[in-house]
Structure formats: structure tokens, C-alpha cells
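# Breakdown of the fold
Take a look at the letters that make up each chain.
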Amino acid sequence: MKMVLASKNPKKLLELQAILSAQGIEVVLESQVGIDVDVEETGTTFEENAFLKAHAVMEAGGLPAVADDSGLCVDALNGAPGVYSARYGGPGLDDVGRYRLLLENMRGQLDRRCRFVSAICCCFPNGDRVEARGECPGTLAYAPKGSDGFGYDPIFFLPERKKTFAELTAEEKNAISHRGRALEAFGEKLKAYLEG
Ligand code: IMP
């Protein structure tokens, strides 16, 4: 079976392919099947946004389509930046600007609890959906540390490891990350769905 990944990111393709190839599923990027849809992420939850992306690409190509949406939720900020993680602070900021702004908005705050969340949604042309969610709890560091990873990794601290996500190797991060957990759950749910 062929499944279209609603993303332009080849790294996401590799991650998904690694999980789904064992099930005989070929995952391709939307660009590889001539699809180019610009989906506005207007949802208020990660699940809604993953669905909006997957559904639009499924409709455009008539093939099963899968999408993910993720972000960082900080308890003391009522879950912000959440679904706005990629856009936090507006279009003028890069990854470093966004995490600096977050540290600034958390200045003096002692409750540092936060979590990364990832939602995956796969839409089938018959209207069926398979969805999965993964979370990784941690605390917000007071200053960035580490140089691997991307986004908010340098300020996401794992107390049990005494390291930020940016101080872990890709393998170490994938084994415990929100995305790794969501992908694993998704692989199992998809298998159960396909086996009927
Ligand atoms: P998405 O690509 O629309 O899901 O946006 C996700 C945004 O959340 C990214 O731009 C990052 O800012 C943040 N994010 C999601 N997952 C991670 C992660 O594993 N590390 C660091 N930042 C992440």
C-alpha cells in the first residue's frame, strides 16, 4: 500500500518509513506524487491540525495520507506555546529567538513543568481515520544547553537524565521523544486497523 506523508520534510519521511516498511507500506512525500497543498493550521489542538493536513492531502491525491503536528506545552503558561510552537512570537523569529522569548516569558516562574506532544493522523479515502498521540514530560531549563536537535530542544530538560534534548543523540531522543512514542503507537494502531 502507498501512503502519502503530508509534509515537505524528508527527515519525517525517513522516520515514518522506518516504522511502516515492516508492514509493507510505502510512504512517499506529497511532492513525489505531484501534490502541493498549503494547509492552514487553524485547529486549536494537535489532533485537529494533524487531521486538517492529512485530510487535505488525502482529498488531493485520493490515496491514504498521514500527517503529524507537534509542539511544546508549558504548564505555567496554560499550555502555551502549544499548537503555536512553530509560530511563537510571530514570523520574525527563528528557533533561537523563539526559545529565548519563551525563557523570557518564564522568567521568575518556579513551576517549570512542560511536555512535548505529537499527534499523528492518517486519513483513508473511505473516510476512516487512524490516530495516535505521544507525549514526553520534562522541565523548562533556565538557560539553553546542547547543540543537537532543533526547535526548543536546548531548553527542554529531562530531570531523570540531567540533560536537555539537545544533549542527546538522535537515537537517544527518538527512543523517548513524543514523536518516537506517537510513531510507535501509530504503527501498532495501523497494523490492527489493516488486519481488520
Ligand atoms: P509542526 O512541524 O507544525 O508540527 O511544528 C512543530 C514545532 O514544535 C516545531 O517548529 C518546533 O518549534 C516544535 N517542536 C516539535 N517537536 C520538537 C522537538 O522534538 N524538538 C524541539 N522542538 C520541537
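Bear in mind that the values here come from a model prediction, so they are computed numbers and not experimental data.

A few words now on the overall build of the protein chain. Within the protein chain, the secondary structure is distributed over 5 helices and 7 strands. When its helices and strands are written in sequence order, the protein chain yields β-α-β-α-β-α-β-β-β-β-α-α. In terms of overall size, the protein chain behaves like a compact globule, its C-alpha atoms giving a radius of gyration of 17 Å where 196 residues would be expected to give roughly 16 Å. For the protein chain, the C-alpha atoms occupy an extent of roughly 50 × 30 × 25 Å along the three principal directions. Burial analysis of the protein chain (196 residues in total) assigns 42% to the buried set. Sequence separation of 24 or more characterises 57% of the internal contacts of the protein chain that already satisfy a separation of 6 or more. Carbon and sulfur atoms provide 52% of the accessible area of the protein chain, an area that totals close to 10000 Å². Across the protein chain, the mean location of the 23 positive side-chain charges is 6 Å away from that of the 29 negative side-chain charges.

Let's shift gears to the site of the ligand. Taken together, 16 residues form the shell around the ligand, and within it Ser70, Asp153, Lys173, His178 and Arg179 come nearest. At 3.2 Å, a backbone N or O of Tyr152 approaches a nitrogen atom of the ligand. Computed on the free molecule, the ligand has an accessible area of 490 Å², of which 87% lies beneath the protein chains in the complex. Mapped onto the shell around the ligand, the elements with two or more residues apiece are β3 (65-74) and α5 (178-194). Ranked by residue count, the leading element in the shell around the ligand is β3, at 3 residues.

Moving on: empty space enclosed by the protein. Inspection of every chain in the model, using the stated rule, returns 1 cavity of 30 Å³ or more. If you add up the space inside the largest cavity, you get close to 100 Å³. For the largest cavity, the full set of lining residues is Leu5, Lys12, Glu15, Leu16, Val66, Ala67, Asp68, Ser118, Ile120, Arg179 and Leu183. Of all the secondary structure elements, the ones that give two or more residues to the lining of the largest cavity are α1 (10-20), β3, β4 (113-123) and α5. Partitioning the lining of the largest cavity into residue classes produces 6 nonpolar, 1 polar and 4 charged.

By volume, the largest pocket is sized at about 1200 Å³. When residues of the lining of the largest pocket are traced back to their parent elements, those giving at least two are α1, α2 (46-61), β3, α3 (95-105), α4 (170-176) and α5. Here the lining of the largest pocket takes 5 residues from β3, the largest share from any one element. As a volume, the second largest pocket reaches approximately 150 Å³. Together, Glu15, Ala18, Ile19, Asn174, Ala175, Ser177, Arg179, Gly180, Leu183 and Glu184 line the second largest pocket.

A separate point is α3. Inspection of α3 places Gly97, Arg98, Tyr99, Leu102 and Leu103 among the buried residues, and these make up the whole buried set. Packing partners of the buried residues in α3 comprise β3 and β5 (129-140).

Cut-offs and rules
- Residues numbered from 1 in each chain as written.
- Predicted model: local features only at pLDDT ≥ 70, side-chain atom pairs only at ≥ 80, totals over all residues.
- Heavy atoms only, no water.
- Helix = DSSP H or I, 4+ residues; strand = E, 2+ residues; numbered from the N terminus.
- Rg over C-alpha atoms; globule rule 2.2 N^0.38 Å.
- Buried < 20%, exposed > 50% of the residue type's maximum accessible area, 1.4 Å probe, protein only.
- Contact = heavy atoms within 4.5 Å.
- Areas by Shrake-Rupley, 256 points an atom, 1.4 Å probe, with all protein chains shown as cover.
- Lys, Arg positive; Asp, Glu negative; His and termini not counted.
- Charge placed at Lys NZ, Arg CZ, Asp CG, Glu CD.
- Near = heavy atom within 4 Å.
- Polar contact = N/O pair within 3.5 Å; in protein donor to acceptor, adjacent residues only side chain to side chain.
- 1 Å grid on protein atoms, 1.4 Å probe; cavity = no way out; pocket = protein on both sides within 12 Å on 5 of 7 lines; lining within 4 Å.
- Points joined across faces, edges and corners; volume = space filled by probe spheres on them.
- Nonpolar A, V, L, I, M, F, W, Y, C, P; charged D, E, K, R; others polar.

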